[in-house]
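Residue-level structure breakdown
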Number of protein chains: 6
Amino acid sequence: MQILTDAVEQLSEASSYTGLCHHHRQGQPLPSAGQLEQIVDLARAILFPGYFGNSSVNAQTMTYHIGVDVERLYHLLVEQIQAGLAFDVSEEGSGVESLCEEARRLAALFIGRLPEMRRTLATDVEAAYNGDPAAKNYGEVICCYPAIRAISNYRIAHELLVLGVPLIPRIITEMAHSETGIDIHPGATIGHHFTIDHGTGVVIGETCIIGNNVKLYQGVTLGAKSFPLDENGNPIKGIARHPILEDDVIVYSNATILGRITIGKGAVVGGNIWVTENVPAGERIVQMKVKDRD
Amino acid sequence: MQILTDAVEQLSEASSYTGLCHHHRQGQPLPSAGQLEQIVDLARAILFPGYFGNSSVNAQTMTYHIGVDVERLYHLLVEQIQAGLAFDVSEEGSGVESLCEEARRLAALFIGRLPEMRRTLATDVEAAYNGDPAAKNYGEVICCYPAIRAISNYRIAHELLVLGVPLIPRIITEMAHSETGIDIHPGATIGHHFTIDHGTGVVIGETCIIGNNVKLYQGVTLGAKSFPLDENGNPIKGIARHPILEDDVIVYSNATILGRITIGKGAVVGGNIWVTENVPAGERIVQMKVKDRD
Amino acid sequence: MQILTDAVEQLSEASSYTGLCHHHRQGQPLPSAGQLEQIVDLARAILFPGYFGNSSVNAQTMTYHIGVDVERLYHLLVEQIQAGLAFDVSEEGSGVESLCEEARRLAALFIGRLPEMRRTLATDVEAAYNGDPAAKNYGEVICCYPAIRAISNYRIAHELLVLGVPLIPRIITEMAHSETGIDIHPGATIGHHFTIDHGTGVVIGETCIIGNNVKLYQGVTLGAKSFPLDENGNPIKGIARHPILEDDVIVYSNATILGRITIGKGAVVGGNIWVTENVPAGERIVQMKVKDRD
Amino acid sequence: MQILTDAVEQLSEASSYTGLCHHHRQGQPLPSAGQLEQIVDLARAILFPGYFGNSSVNAQTMTYHIGVDVERLYHLLVEQIQAGLAFDVSEEGSGVESLCEEARRLAALFIGRLPEMRRTLATDVEAAYNGDPAAKNYGEVICCYPAIRAISNYRIAHELLVLGVPLIPRIITEMAHSETGIDIHPGATIGHHFTIDHGTGVVIGETCIIGNNVKLYQGVTLGAKSFPLDENGNPIKGIARHPILEDDVIVYSNATILGRITIGKGAVVGGNIWVTENVPAGERIVQMKVKDRD
Amino acid sequence: MQILTDAVEQLSEASSYTGLCHHHRQGQPLPSAGQLEQIVDLARAILFPGYFGNSSVNAQTMTYHIGVDVERLYHLLVEQIQAGLAFDVSEEGSGVESLCEEARRLAALFIGRLPEMRRTLATDVEAAYNGDPAAKNYGEVICCYPAIRAISNYRIAHELLVLGVPLIPRIITEMAHSETGIDIHPGATIGHHFTIDHGTGVVIGETCIIGNNVKLYQGVTLGAKSFPLDENGNPIKGIARHPILEDDVIVYSNATILGRITIGKGAVVGGNIWVTENVPAGERIVQMKVKDRD
Amino acid sequence: MQILTDAVEQLSEASSYTGLCHHHRQGQPLPSAGQLEQIVDLARAILFPGYFGNSSVNAQTMTYHIGVDVERLYHLLVEQIQAGLAFDVSEEGSGVESLCEEARRLAALFIGRLPEMRRTLATDVEAAYNGDPAAKNYGEVICCYPAIRAISNYRIAHELLVLGVPLIPRIITEMAHSETGIDIHPGATIGHHFTIDHGTGVVIGETCIIGNNVKLYQGVTLGAKSFPLDENGNPIKGIARHPILEDDVIVYSNATILGRITIGKGAVVGGNIWVTENVPAGERIVQMKVKDRD
């Protein structure tokens, strides 16, 4: 049909897809969503053995399973990290060989960080269990709680970002965002015993710094208030612009905290409010009581 | 590589995964997310024939399809309920045989409740259709509306929870939470003609009691205000701590209602507000109008 | 078992599934969620070549890939549009042949609109990149940002709705709603350079009119305040009841804007507030500052 | 690369694929191997309930399963028979509507023949069991014996061929040929209590007529000796050219019987011989004993 | 349609499926072809590491892979052996518990035999390589040669049969029969350094005894000549009725050796001949040279 | 269990898997059966458009489809050829880069040969149609005839072998062997208008030379009679040892032709015979007629 032929022709004109088309480096595919899902599944299986991955693992067979999963994780990571590195330098020069070597180095470093990541996630599980009267046991928390999925992905992605891997960390946190409605930028810094209740709608921005024992409820935003523009009117990238939450802070549902302000140690921010100034340690701020008749 | 070998060794040490590893009972796998999805799909196919499952079902072949689906649902339920029961008693004694027998009993009781569940869900569909000027017909509501998916999963999960099945009800409601952003705890009690508009971000807590003809909008929280701690500083489990919404209540978007308070019959709660005290029947409360210039 | 047999019998009685069962037209299946997902995937592959679909596409092979994808998209669309048309007229008369012919006509018209849709989506990508200091490059925006997925689905669905295709547009936007937590009704009208930051919990109602260069944050509702009922107490369908946002408007997180009001050109609506009256062009409205001690 | 571009160009020239390319009728796909496999699987599940398809079927649920399987078989058959009819008339005129109507008529007639087919296959199972000292029970014969698979496919295909369905019967017997190494042309006529031991390499030609209680061993050929050519030197299609085997004949392994000859009732043909003349009823023919030293 | 309804009714009548329907024991499914394929794949991966299963296995990770594969093989075997045992006693009494215990015992015994099986298969690979001038290396033999697949399945199946597992051994050899055209009954006894060239059409009967260093070519039958009938005219099961091939025998293509005869050590049987009497050690028998003009 | 642990230990000892384990080169997986199947499917789709691959291809869209398929075939071939090259040199030196470059070169050369391969296969289809009175049309031959599948795989594999690709050609012909029972070594040389009727059991050895217009029936072996051994008693690889069939030869079913003999132009070899000496051009040889009573 003419209409189809015309559409094909227009859509194939180079000018029509400028900026919307990925010109990949020779032999270097884009990071693959499917393989990144496998990476996350393997990491979960290693970090929480028996709850994710093979459910029949036991003390006798633990080494076999961890061994196979770590090896497979390593190979998948090498491939995806290489794809991420290639994406970033897509116009420039460095050879495939050196990308591959770098990817191997970074993947091994990541694997070496897994034991520490498990220790931190254990504190997150503990915090979720202690903070929710509806939680029946650790198992239920690990199996069911969206916060554990979102925080696991964040901690995996954050390690990769710290190692300098491009693009992939963000894809991994967006996978959790889609699954749980919790949007944690991989660049954020978050302490131990962190928990989020229910979680849908939570946003944690790129330059947030969150201490230990912090708890957020659903719909909480830790965002930027505004951002300086450069001479071309574009936002300047990479400026610290999100809140700092010190240890033991609690933020109730749908509260919005904006800008590079500090919520002091032990402060409590009530629900549905809009906070753009520092909150001193230990203080509690809440929405003014308002009851109107229409 | 040495770094991998070391990681495997550390991650396989028993002390490193205490509390994070599931020690399953001999021959008793964990509940399976994949099979629970099949259970929900089958239940939807039975409750809304033609919309879910085989779309060519008709009056002549209805019995065949319901018959096959009910049989398959029964077998899957027996398996998953048994896994749930085994999870709960994972340290203690009762034999596989008795778990299996109990699972059969509970699965049959659940199946016996399906006709009543369909009657209730019919009222939910009616409420969604009547409450939304954008709804074109019942079919669109059943096919497309996330509320129907979330409420179906809740009603299925609630029946299982009432029968005493552990873990599985929560997994089923979390599946809907992930799919729709609507988080209904299976322990909540909810009347007929219940509807939720749009729904993302809705949270309904474990001990909520919701009457008939209640309507919620997106982002509404029915949560706990605070909870008493036991002598060890841990929250006491199972205390009534969520709101009671009587018949005909409407709660607008992003409102937060906290604690064991009662929103009286026919009351209307406006959007973006924070309610921690009883609202009398018939009353309307809204956010104070505020317009500031920066 | 008797309990199963009884359940099958009750659930197969015609009276028990009235209104909940789809009686399909002979040989006309319901629209298929699986095929609609393929349609969206193909449209994304055509609109953003290399980022979605085959990642090795290049200038030499672009025509081949666009050609194959357009042809396959056309065939899938014909099938699904036909299913949508059949759904709508399910009781009435028109023959299969004429439905099929109409489906072919509409599918071709849709394909003919793809070049224009790509031009508009290019502005949305630009807006997302410029509006987010965390965005590293266009590629990251196209690959990772939920807003791009939600807006793509909306723009696809809106074209289909404008062409008069029933049911399918809503299924397509609900797919994005489930994936991203962003709920845009396909009936809304939205200009170019539109962006949504983070996005979870955003609701854009059926009769919204949104200008160019508009930016929304997560949790924003553009909803209806109330709707007139007909003589039977049911809402009257199709009345303009959602806000109009003129060019260059910004709405911050969790703000709720309700009713057929107008937010004037360049106005800024602060977070967590409830707006039910017109906002003049250029004005900034924010939540009153409230700090209480408990 | 130039070499690829050139290859694409040459391979796309119409003259290069004359006779090797299928020009399908508008909207009429080729028969699908995948769907024909499903058809065979469904037919096996209906004919041998519990052995194929759902293994938990029992007397209480038999009607449900048969009902669902028959309905699905009917729909798949309509689609594939229509594809087969369209293939045959691919150049000529008759409309899609009439093809579809004809396909429905033929599919229903085929379904109506299933009870008779089951009765005949029961005799084949009995013959296989009685004829093999290694057979432990009927179940093993039905589950494992390639002869049962090949004969089932043949009996299904033969019914379709008798109904006048083009192409599909041959695809179905070739599926069994690939699976079992037994090549039975769907045009052959075969009585009850038919069995084949081991079976690899058996060939039964298009115009064979085989009586009741016949047994063949592996490697037996019932073929054509030669065939008359037409004036263009091409073989004349459809002439009776394969052997007739009367009741109670046994043919041992690797025997070759060629031409329109008759092997009389109760005759026995020894292995590894070449038979091109009639064998009287009751006779036994064998290879001459030959022992040579090299 | 009436014709479908009638067919369903007839096909659901108990009398119509007597002997053709599997009445499974409560909760005991039939052996699953899909799971048996996994069992064979796992066994191949354990026996030939790197060629089957995970191809990146190396000396460092060998233990992990073998460990995981052995554990999974054990669990699948327990399930399938239990299904096989239940099939065999389907009318009689023994409880599920005892079947399960027996299945565990047999599965462990089978696993314990794997090292010996690998040693024997190594001799088969060696024999195939040495016997074929076309073989380039051991790797090609292991990857490509159908004989290795058929002999592997036979050796697995034979071990299971020796352990007393019903039905499953035959299914496993029939899987190889379908894949390779080589039909080895699991009951046969076969020595080391066994090889089959090309293989299609080879049949090795239930009571064959084959020595070491034996080589068969394609189309060879080692079958039964006739078998005694019992008083009802049915063949008596289990009588030794197939040939004995002593060490170092070679049988060329399409030869047929029938009955409980002995082919003596080092004898050579030429192609396309029919042997029903003993062949002395060291003798060579061939087809008489025959050249006729038609 | 101890028995499992012991088995794992024994099976992981390096000495136990010498020669049976593939030590792959770093980062170089084995050729993948799954990807080789895709390669064959793509080649079939390119060679016989509309019959294999996308069935809706037509003259307008032919270039798109061929273009996409050729590109994908090229990428898969590069990967698999590289794997094949790496397999062959697994102990030696050449770098990954040079293997990859060589793989690209060979894949492009292969693609460049596709038009010629299509021309030859067209003659094979013609020969199959003309030679079989049961063939209804070219379409049936292309869709159903195992010979076409086996010969296609052979012609693909032969091109790869001629280009010097190791291992992969044999895997590709063994795939056809498994599917059809026809075993053609990729090293054989075969002219145009080649056909095989029925085909199960056919064996064509590595050094065969087959002219034009040759026809074989099922069970025919073109094999080696014997092969000289080297000083270690191993067969000397690569010696010409299989028959030469000149143009217009016909060989009937189950005939066995062995050794480096020549069957002269137009000769006819009857079924079930054993030929080890030259047959002059135009001669017909058949089995002596033998009829014995037992």
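Residues numbered from 1 in each chain as written. Chains lettered and ligands numbered in written order. Predicted model: local features only at pLDDT ≥ 70, side-chain atom pairs only at ≥ 80, totals over all residues. Heavy atoms only, no water.

Regarding the overall build of chain A
Selection criterion: We count a stretch as a helix when DSSP gives it H or I for four or more residues in a row; a strand needs E for two or more, and each element gets its number in order from the N terminus. Accessibility here uses a 1.4 Å probe with only protein chains present; expressed as a share of the type maximum, an area under 20% marks a residue as buried, one over 50% as exposed, and anything in between as partly exposed. Contacts are residue-level and defined by heavy atoms, with any inter-residue pair within 4.5 Å sufficient. Here, Shrake-Rupley sampling with a 1.4 Å probe gives the accessible areas, and only protein chains in the shown set may cover a residue. Just so you know, the count uses Lys and Arg for positive and Asp and Glu for negative, and it drops His and the chain ends. To locate a charge, the coordinates of NZ of Lys, CZ of Arg, CG of Asp or CD of Glu are taken.
Check the secondary structure of chain A and you find eight helices and 14 strands. For chain A, the spread of C-alpha atoms along the three principal axes comes to 60 × 60 × 40 Å. Per-residue burial for chain A yields a buried fraction of 63% across its 294 residues. Put simply, 47% of the contacts in chain A that link residues at least 6 apart link residues at least 24 apart. Accessible surface computed for chain A: about 10,300 Å², of which carbon and sulfur atoms make up 51%. Put simply, chain A has 22 plus and 34 minus side-chain charges, and the middle of one group is 9 Å from the middle of the other.

Considerations on the relation of the copies chain C and chain B
Definition in use: Copies are brought into register by a least-squares superposition over C-alpha atoms of residues with pLDDT of at least 70 in both.
Mapping chain C onto chain B calls for a rotation angle of 120° and an axial translation of 0.0 Å; the resulting RMSD is 0.0 Å. On this basis, the relationship between the two copies can be described by a three-fold rotation axis. A share of only 9% of the interface residues of chain C reappears at the interface of chain B, consistent with the copies meeting through non-equivalent patches.

Examining the arrangement of the chains
No part of chain A reaches chain D; the closest C-alpha pair between them is 13 Å apart. Chain F makes no contact with chain B, the minimum C-alpha separation between the two being 13 Å.

Here we look at the packing of aromatic side chains
Selection criterion: Only Phe, Tyr and Trp rings are paired, with Trp represented by its six-membered ring, and only when their centres lie within 6.5 Å; those with planes under 30 degrees apart are stacked, over 60 edge-to-face, the remainder tilted. The criterion is that NZ of a Lys, or CZ of an Arg, lies within 6 Å of the ring centre and within 35 degrees of the ring normal, and then a charge sits over that ring.
Tallying each qualifying case throughout the model produces 24 aromatic pairs over all chains. With 4.9 Å between their ring centres and 20° between their planes, Tyr217 of chain C and Tyr252 of chain C make a pair best called stacked. Of this pair, Tyr217 of chain C sits in strand S6 (residues 215–217) while Tyr252 of chain C is found in the loop between strand S9 (250–251) and strand S10 (256–258), placing the two residues 35 residues apart along the sequence. Across this residue pair, the class does not change: Tyr217 of chain C and Tyr252 of chain C are buried. An aromatic cluster of three or more residues is present, and its members are Tyr217 and Tyr252 of chain A together with Trp274 of chain B. The aromatic ring of Phe52 of chain D is capped on one face by Arg44 of chain D, whose charged end is 5.8 Å from the ring centroid.

Topic: the nonpolar core
Worth spelling out the cut-off: Here, nonpolar core means buried Ala, Val, Leu, Ile, Met, Phe, Trp, Tyr and Cys residues that are tied together by side-chain atoms lying within 4.5 Å of each other.
In this structure, Leu216 of chain A, Leu216 of chain B, Leu216 of chain C, Leu216 of chain D, Leu216 of chain E together with Leu216 of chain F are the most contacted members of the largest nonpolar core, which totals 558 residues. Setting aside anything within four residues of it in sequence, one finds Leu216 of chain C in contact with Phe194, Thr195, Ile196, Asp197, Val202, Ile204, Leu222, Leu245 and Val251 of chain C.

Looking at the packing of helix H2 (residues 33–47) of chain E against helix H3 (residues 62–88) of chain E
Residues and elements named next belong to chain E. So the rule is basically this: Fitted lines through C-alpha atoms serve as axes, helices being fitted only where they are in contact, and the angles separating the N-to-C directions of these axes extend from 0 to 180 degrees. Roughly parallel covers angles under 35 degrees, roughly antiparallel covers those over 145, roughly perpendicular covers 65 to 115, and oblique covers all other angles. Handedness of a helix crossing follows the sense of rotation of the near helix relative to the far helix, less than a right angle counterclockwise being left-handed and clockwise being right-handed. When residue character is reported, Ala, Val, Leu, Ile, Met, Phe, Trp, Tyr, Cys and Pro are called nonpolar, Asp, Glu, Lys and Arg charged, and the others, Gly included, polar.
For the pair H2 and H3, the least separation of the axes is 9 Å and the interaxial angle reads 150°. Comparing their axes, H3 and H2 come out roughly antiparallel. At the point where H2 passes H3, the crossing takes the left-handed sense. Mapping the contact onto sequence places Gln35, Leu36, Gln38, Ile39, Leu42, Ala45 and Ile46 in H2 and Ile66, Asp69, Val70, Arg72, Leu73, Leu76, Leu77, Glu79 and Gln80 in H3. For the contact of H2 with H3, the class distribution of residues is 10 nonpolar, three polar and three charged.

Overview of the interface of chain A and chain C
Let me state the cut-off plainly: In this description, buried area is defined as the sum, over both parts, of the accessible area (probe of 1.4 Å) that is lost when the two are combined. A pair is scored as a salt bridge if a Lys or Arg side-chain nitrogen falls within 4 Å of a carboxyl oxygen belonging to Asp or Glu.
With 55 residues of chain A at the contact, the number on the chain C side is 62 residues. Interface of chain A and chain C: buried area, both sides summed, is about 5,000 Å²; carbon and sulfur atoms make up 60% of it. Run the count over chain A and chain C and you get one salt bridge. Of the charged contacts, one joins Glu206 of chain A and Lys136 of chain C as a salt bridge, the two residues approaching to 3.2 Å between their closest N and O atoms.

Thoughts on the side chain of Asp124 of chain D
Residue and element names in this part refer to chain D. Just so we agree on the cut-off: N or O atoms within 3.5 Å of each other form a polar contact, as long as, within protein, one can give a hydrogen and the other can take it, and as long as residues adjacent in sequence are counted only when both atoms are side-chain atoms.
Position of Asp124 among the secondary structure elements: in helix H5 (residues 114–130). At a separation of 2.8 Å, a polar atom in the side chain of Asp124 contacts the side chain of Arg155. At 3.4 Å, the side chain of Asp124 and the backbone nitrogen of His193 are in polar contact. When residues no more than four places from it in sequence are discounted, the contact partners of Asp124 are Ile148, Ile151, Arg155, Gly191, His192, His193 and Phe194.

A look at the pattern of salt bridges
Residues and elements named next belong to chain E. Going through the model one piece at a time under the given rule, you end up with 60 salt bridges over all chains. A salt bridge links Arg241 to Glu206; the shortest N-O distance between them is 2.9 Å. Separated by 35 residues along the polypeptide, Arg241 in the loop between strand S7 (221–223) and strand S8 (244–245) and Glu206 in the loop between strand S4 (203–204) and strand S5 (209–210) bring together distant segments of the chain.

Looking at unusual backbone geometry
The phi dihedral of Asp248 of chain B is positive, around 65°, even though this residue is not glycine. Mapping Asp248 of chain B onto the fold places it in the loop between strand S8 (244–245) and strand S9 (250–251). A positive phi angle, close to 55°, is found at Asn272 of chain E, a residue other than glycine. Turning to its location among the elements, Asn272 of chain E is positioned in the loop between strand S12 (268–269) and strand S13 (274–275).

Details of the interface of chain C and chain B
At the interface, 55 residues of chain C touch 60 residues of chain B. Carbon and sulfur atoms supply 59% of the area that chain C and chain B bury against each other, a total of about 5,000 Å² over both sides. The largest per-residue losses of area from chain C upon contact with chain B belong to Leu11, Leu20 and Trp274 of chain C, which jointly make up 15% of the total buried on that side. Between chain C and chain B we count one salt bridge in total. The interface formed by chain C and chain B holds 11 residue pairs in polar contact (both at pLDDT 80 or more) in total. Of all the elements, helix H1 (residues 2–12) of chain C adds the most residues to the side of chain C that touches chain B, at seven residues. Of the residues assigned to the side of chain C that touches chain B, the class counts are 23 nonpolar, 21 polar and 11 charged.

A short note on the sheet that holds strand S7 (residues 221–223) of chain A
Residue and element names in this part refer to chain A. Put simply, the rule reads: Between any two strands, at least two bridges found by DSSP are needed for them to pair.
The strand order across the open sheet formed by five strands is S1-S4-S7-S10-S13, and the pairing between neighbours is parallel. Pairing within the sheet leaves two strands with one partner each, and these edge strands are strand S1 (183–184) and strand S13 (274–275). Pairing between strand S4 (residues 203–204) and S7: two bridges, direction parallel. Along S7, the bridge assignment pairs Ile204 with Leu222.

So, the environment of Arg72 of chain B
Residue and element names in this part refer to chain B. Position of Arg72 among the secondary structure elements: in helix H3 (residues 62–88). Between the alpha carbons of Arg72 and Leu42 there is a distance of 8.1 Å; along the sequence they are 30 residues apart. Leave out the neighbours within four places in its chain, and Arg72 touches Gln38 and Leu42.

Points about the domain arrangement of chain A
Residue and element names in this part refer to chain A. Defined as follows: The start and end points of each domain follow an automatic or database-based domain assignment.
In terms of domains, chain A is made up of domain 1 (27–181) and domain 2 (188–294). Domain 1 puts 16 residues into the contact, and the matching count from domain 2 is 16 residues. Between domain 1 and domain 2 we count zero salt bridges in total. Where domain 1 touches domain 2, the interface holds 11 residue pairs in polar contact (both at pLDDT 80 or more). Those elements giving two or more residues to the side of domain 1 that touches domain 2 turn out to be helix H5 (114–130) and helix H7 (146–162). Residues belonging to the side of domain 1 that touches domain 2 are distributed by class as follows: six nonpolar, six polar and four charged.

Description of helix H7 (residues 146–162) of chain F
Residues and elements named next belong to chain F. How we decide: The length a helix should cover is 1.5 Å for every residue beyond the first.
Relative to the 24 Å expected for 17 residues at 1.5 Å per residue, H7 spans 24 Å between its end C-alpha atoms, a close match to the ideal helical length. In terms of burial, H7 is largely enclosed, as 14 of its 17 residues are buried. Of the residues flanking the end of H7, it is Gly164, one or two places downstream, whose phi is positive at about 95°.

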